[in-house]
Amino acid sequence: MPETIDARAAGERVESLLAELSALSDQVTRDKAEELVRVLVELYGAALERIMEIVTDAGQAETLRRLADDELVAGLLVVHDLHPLSTEERVLAALESVRPYLGSHAGDVELVGVEETGVVRLRLAGTCHGCPSSRVTVTTAIEQAIARAAPEVAGVEVDGVAEPDTPLYQIGTRRPPGPCPVPETAAAP
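What you see as residue numbers is a count from 1 along each chain, following the sequence as written. Confidence filtering applies because this is a predicted model: local features only for residues at pLDDT of at least 70, side-chain atom pairs given and counted only at 80 or more, and all residues used for totals across whole chains, interfaces and linings. Processing note: side-chain calculations cover all non-hydrogen atoms of the structure and skip hydrogens and water entirely.

In the nomenclature of an unreviewed UniProt entry, the protein chain is known as NifU family protein of Nonomuraea mangrovi. Heading Function (unreviewed entry) of the UniProt record for the protein chain holds this comment: "May be involved in the formation or repair of [Fe-S] clusters present in iron-sulfur proteins." UniProt positions are given in the numbering used here, feature names are shortened, and annotations may be inferred rather than shown by experiment.

Spelled out as structure tokens, the structure:
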């Protein structure tokens, strides 16, 4: 079995290389390199589209689900607009994955919508709404889950997140009243 590739790191490397190409002073070289990237992306996109058609036509729902659940494959399906689930459906699944964690602190999160700009709008509920730890919760749990499920999301805006100037409790002081302590990264899904 081939070595597993970190899709996020590979994507960042591609972006870095494209930025370097854009900075080249030789326009002809830059144009050829960009055309090469474009042709390769089109080729792989066409192959992925055909794979999805074959799997779908064969009625292989389990295979289709496994492809869509694989982080590397799912990312490529998103790039080529072939993922069988919409961005909203994948965001909702990501929120479901963090609900048990939020619920353990008597909190919840609601999807308000996905804007055409790619920004996901959420609303915190329960004890997470306005909690001083809500910014950490959003970053460590919610945003990470959404980034894994829907890498094309351009940003996450959350109503009910405590403002940055809200004082956080310091180590050595009493825990604030209520069930929402600062989440630990390991506790996030």
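Back to the text.
Focus on the nonpolar core
What is meant by a nonpolar core is a set of buried Ala, Val, Leu, Ile, Met, Phe, Trp, Tyr and Cys residues, joined one to another through side-chain atoms within 4.5 Å. The buried label goes to any residue with under 20% of its type's maximum accessible area, the exposed label to any with over 50%, and the partly exposed label to all in between, with areas taken from a 1.4 Å probe on protein chains only. Among the nonpolar cores identified, the biggest contains 20 residues, and V91, L95, L122, I142 and I146 are the most heavily contacted of them. Only DSSP runs of H or I with at least four residues qualify as helices, and only runs of E with at least two residues qualify as strands; both kinds are numbered from the N terminus onward. For this core, the elements supplying multiple residues, two or more each, are α5 (87-103), β1 (107-114), β2 (119-126) and α6 (134-149). Once residues within four sequence positions are removed from consideration, I142 is found in contact with L95, V98, L102, V109, L122, L124 and T137. Residues L48, M52, V55 and L64 belong to the second largest nonpolar core, which totals six residues. Note on contacts: a residue pair is in contact if any heavy atoms of the two residues lie within 4.5 Å.

Quick notes on unusual backbone geometry
With a phi angle near 55 degrees, D81 is a residue other than glycine that sits in the positive phi range. Here D81 shows up in the loop between α4 (71-79) and α5. The class of D81 is exposed, set by a relative accessible area of 71%.

Considerations on the side chain of H83
Structurally, H83 is set in the loop between α4 and α5. Contacts described as polar in this section are N or O atom pairs within 3.5 Å, which, within protein, must combine one atom able to donate a hydrogen with one able to accept it, while residues neighboring in sequence count only if both atoms come from side chains. Within the local environment of H83, its side chain forms a polar contact with the backbone oxygen of A68, the two atoms lying 3.4 Å apart. At 3.0 Å, the side chain of H83 forms a polar contact with the backbone nitrogen of L85. Here H83 is in contact with A68, A74, L77, V78 and R90, once residues within four sequence places are set aside.

A few points about the packing of helix α3 (residues 61-69) against α4
For the pair α3 and α4, the least separation of the axes is 5 Å and the interaxial angle reads 90 degrees. Judged by the angle between their axes, α3 and α4 are roughly perpendicular. Across the interface between the two elements, L67, A68 and D69 from α3 touch E71, V73, A74 and L77 from α4. In this classification, the charged set is Asp, Glu, Lys and Arg, the nonpolar set is Ala, Val, Leu, Ile, Met, Phe, Trp, Tyr, Cys and Pro, and all remaining amino acids, among them Gly, are polar. Within the contact of α3 with α4, the residues separate by chemical class into five nonpolar, no polar and two charged. Inter-axis angles, ranging from 0 to 180 degrees, are taken between N-to-C directions of lines fitted to C-alpha atoms, where helices are fitted over the stretch in contact. Each angle gets one of four labels, with under 35 degrees taken as roughly parallel, over 145 as roughly antiparallel, 65 to 115 as roughly perpendicular, and the rest as oblique.

What about a nonpolar patch on the surface?
Only residues whose relative accessible area exceeds 30% and that take part in no salt bridge are eligible for patches, with like-charged residues grouped when within 9 Å of each other and nonpolar side chains (Val, Leu, Ile, Met, Phe, Trp, Tyr) grouped when within 5 Å. The accessible surface values rely on the Shrake-Rupley method and a 1.4 Å probe; as for residues, cover is taken only from the protein chains in view. The salt bridge definition used is simple: a Lys or Arg side-chain nitrogen within 4 Å of an Asp or Glu carboxyl oxygen. Taken together, the side chains of L36, L40, L43 and Y44 define a hydrophobic patch exposed on the protein surface, amounting to about 430 Å² of accessible area. Within the element layout of this structure, Y44 appears in helix α2 (residues 27-57).

Some thoughts on the sheet that holds β1
The strand order across the open sheet built from three strands is β1-β2-β3, with neighbouring strands paired in mixed fashion. The open sheet has two free edges, formed respectively by β1 and β3 (155-159), since each of these has just one partner strand. The average angle at which neighbouring strand axes cross in this sheet is 30 degrees, direction not considered. Relative to β2, β1 is paired through seven bridges, and the arrangement is antiparallel. Note on β2: the bridge partner recorded for V109 is L124. Packed onto the sheet, α5 meets β1 and β2 and runs at close to 170 degrees relative to β1. Think of it this way: DSSP has to see at least two bridges between two strands before they count as a pair.

Looking at the UniProt feature "coiled-coil region" (unreviewed entry) in the protein chain
In the numbering used here, UniProt assigns the feature "coiled-coil region" (unreviewed entry) to residues 7-34. Along residues 7-34 one finds 86% helix and 0% strand; the C-alpha atoms at either end are 21 Å apart.

A look at the environment of H105
The residue H105 is located in the loop between α5 and β1 in this model. Distance from H105 to T127, taken between C-alpha atoms, is 7.1 Å for residues 22 residues apart in sequence.

Points about the pattern of salt bridges
Taken as a whole and assessed by the stated rule, the structure comprises 10 salt bridges. Between R99 and D108 there is a salt bridge, and its shortest N-O distance comes to 2.7 Å. By relative accessible area, which is 30% here, D108 ends up partly exposed. Among the charged side chains, a network of salt bridges with common partners joins E115, R121, E157 and D159.

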